[in-house]
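Residues per chain, in single letters:
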Amino acid sequence: MKKISSYLCFVAAFAMLFTSCSKEEDPVMDDSGNKATLSFGAILNDLVSDKSALKQQMAPECSDAAPAFVEVVLTGTTNVGTMADPIVVSVNPNPSDYDNDGVDEYFTDESGDLELEPGSYSLEYFAVYDADPTSGGNLIWMAPRADGDFAQFVSNPLPFDFNLGAGVKKYVDVDVLCYDNRVANQYGYLFFDFEGTQAIEFCIFGNYCPPSGRHFPAAFSVNVWMYEDGQRGDQLYTDLSNTVALNEDGDYAGDPLCIALPDRTGDDEYYFE
C-alpha cells in the first residue's frame, strides 16, 4: 500500500512588538485565530492486492505521475466549492518519508479557501491531479463515495464528517484509489461531474420467459465496450448487474439496470454483452 499522509511542521510563533519613531500606523485587527485552517493528506489504497474481491471487477490502472493539486468540495458551517466548480488546492512538491515506511508522503499546502469558520463539515468530493501542462492536469487519484462499487476497498468512503475548532490547524486523511476512466462510475459519481464529457443514461430491463408462458423479471449482468470500425474498442463496464428480489407482496420484482454512456460529438456506437 502506498501512503500519502499529512504532517504539521511545528513553528514557534513569537509575538513581537515593534515601535517606530518615524511614523505612527493604525493597528491592524487579525481574527485569524478565530478560524480553523484545514489541510488534506491521502492514503492511496492498492486495489490489485485484493485479488479475491476484484474477480468480478476491472482494477483501475495507476499512474506514476506525482500529485500537483487537489479539487475539493465541502458542505457544512461554510460551504466550500461545488461539484460544478470545486476549489483547487496545491500539493506540496517536497514529499518525505515522515513515518519511515519507505514511501514518500505528500500533503496539501495551506490555502485561504480552507481557512474556515469553526463547526461541522462534510467532505463531499476529493480528486487528485498531476501537473501535465498539455492537459491542465490529469485526474490520477479519487476518493470513492459510499454508494459506489469501489467503496468496499477503502476504510472511510465519502461523504464523511469532521469538526473544526477555533484556532485549530486540522489535517484530514482521505482514502483514495487510482483513477481509471474505464470504470468511472464505480467510484460513486456520475463521471461527467468531473470529466468534461456529456453523458446519456441507457437503461435495460429483462423478462425471463419459460415454456409455460409465464413471465418473470430476469436477473442479468452486462459488459459494455465502445464499438468502432466494426469491432469492440475500449471496455467501459464489466459485469454490471441488476437486482431481483421478493417484494412485500411475495412477488419477484426486478430493477432496471441504468448505465451512463459518453455522448461525444457525432454518432457513438456501443457493444453490449
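Being a predicted model, the structure only gives us computed values, none of them experimental.

### Some words on the overall build of the chain
And then number 1: In terms of regular secondary structure, the chain is built from zero helices and 17 strands.
And then number 2: For the chain, with 273 residues in total, the buried portion stands at 37%.
And then number 3: Summarising the internal contacts of the chain: among those between residues at least 6 apart in sequence, 66% fall at separations of at least 24.
And then number 4: A total of about 16,200 Å² of accessible surface is found on the chain, and carbon and sulfur atoms cover 48% of it.

### Section: the side chain of T37
And then number 1: Relative to the assigned elements, T37 resides in strand β1 (residues 36-44).
And then number 2: Since its relative accessible area comes to 13%, T37 is described here as buried.
And then number 3: The contacts of T37, once residues within four sequence positions are left out, are E110, L114, E115, V168, K169 and K170.

### Observations concerning the sheet that holds strand β17 (residues 270-272)
And then number 1: Taken in spatial order, the three strands of this open sheet run β13-β12-β17, and their pairing is antiparallel. Looking at the sheet topology across the chains shown, the edges are occupied by β13 (231-241) and β17. Across the sheet, the mean angle from the axis of one strand to that of its neighbour is 25°, orientation sign disregarded.

### Quick notes on the packing of aromatic side chains
And then number 1: Evaluation of the coordinates by the stated rule reveals eleven aromatic pairs.
And then number 2: Centroid distance Y121 to F162: 6.3 Å. Interplanar angle 20°. Geometry classified as stacked. Of this pair, Y121 sits in strand β5 (residues 119-129) while F162 sits in strand β7 (residues 160-164), and the two are 41 residues apart along the sequence.
And then number 3: A centroid spacing of 5.1 Å and a plane angle of 85° characterise the contact between F150 and Y187, whose relative ring orientation is edge-to-face.

### Quick look at unusual backbone geometry
Excluding glycine, a negative phi dihedral is what most residues carry, and trans is how most peptide bonds are arranged.
And then number 1: Following L158, the chain continues into P159 via a peptide bond in cis, with omega recorded as -5°.
And then number 2: Summarising the element assignment, P159 is placed in the loop between β6 (139-142) and β7.
And then number 3: In this structure, D229 takes a positive phi of about 55° despite not being glycine.
And then number 4: Positionally, D229 belongs in the loop between β12 (221-228) and β13.

### A few points about the pattern of salt bridges
And then number 1: Scanning the model with the defined rule gives five salt bridges in all.
And then number 2: For K169, the salt bridge is made with E110, and the minimal N-O distance between the two is 3.2 Å. Here the residue K169 occupies a position in strand β8 (residues 169-178), and E110 occupies one in the loop between β3 (87-90) and β4 (115-116), the gap between them amounting to 59 residues.
And then number 3: You can call K169 partly exposed: its relative accessible area is 42%.
And then number 4: Judged by its relative accessible area of 48%, E110 is partly exposed.
And then number 5: In this structure, the salt-bridge partner of R145 is D147, at a minimum N-O distance of 3.9 Å.
And then number 6: Here D147 falls in the exposed class, since its relative accessible area comes to 60%.

### Overview of the nonpolar core
And then number 1: One finds L38, F40, L74, L123, F126, F162 and V174 to be the most contacted residues of the largest nonpolar core, which totals 46 residues.
And then number 2: Of all the secondary-structure elements, those providing two or more residues to this core are β1, β2 (69-76), β3, β5, β6, β7 and β8.
And then number 3: Ranked by residues supplied to this core, first place goes to β5 with seven residues.
And then number 4: When near neighbours in sequence (up to four residues on either side) are disregarded, V174 contacts F40, G41, A42, I43, L123, F126, A143, L158 and F160.
And then number 5: Grouped together as the second largest cluster of nonpolar side chains are 13 residues, F220, V224, Y237 and A260 included.

### Quick word on the environment of A84
And then number 1: Looking at the secondary structure, you find A84 in the loop between β2 and β3.
And then number 2: Between the alpha carbons of A84 and V73 there is a distance of 9.6 Å; along the sequence they are eleven residues apart.

What counts as what
- Residues numbered from 1 in each chain as written.
- Predicted model: local features only at pLDDT ≥ 70, side-chain atom pairs only at ≥ 80, totals over all residues.
- Heavy atoms only, no water.
- Helix = DSSP H or I, 4+ residues; strand = E, 2+ residues; numbered from the N terminus.
- Buried < 20%, exposed > 50% of the residue type's maximum accessible area, 1.4 Å probe, protein only.
- Contact = heavy atoms within 4.5 Å.
- Areas by Shrake-Rupley, 256 points an atom, 1.4 Å probe, with all protein chains shown as cover.
- Pairing = 2+ DSSP bridges.
- Axes fitted to C-alpha atoms, helices over the stretch in contact; angles between N-to-C directions.
- Phe/Tyr/Trp six-rings, centres within 6.5 Å; stacked < 30°, edge-to-face > 60°.
- Salt bridge = Lys/Arg side-chain N within 4 Å of Asp/Glu carboxyl O.
- Core = buried A, V, L, I, M, F, W, Y, C linked by side-chain atoms within 4.5 Å.

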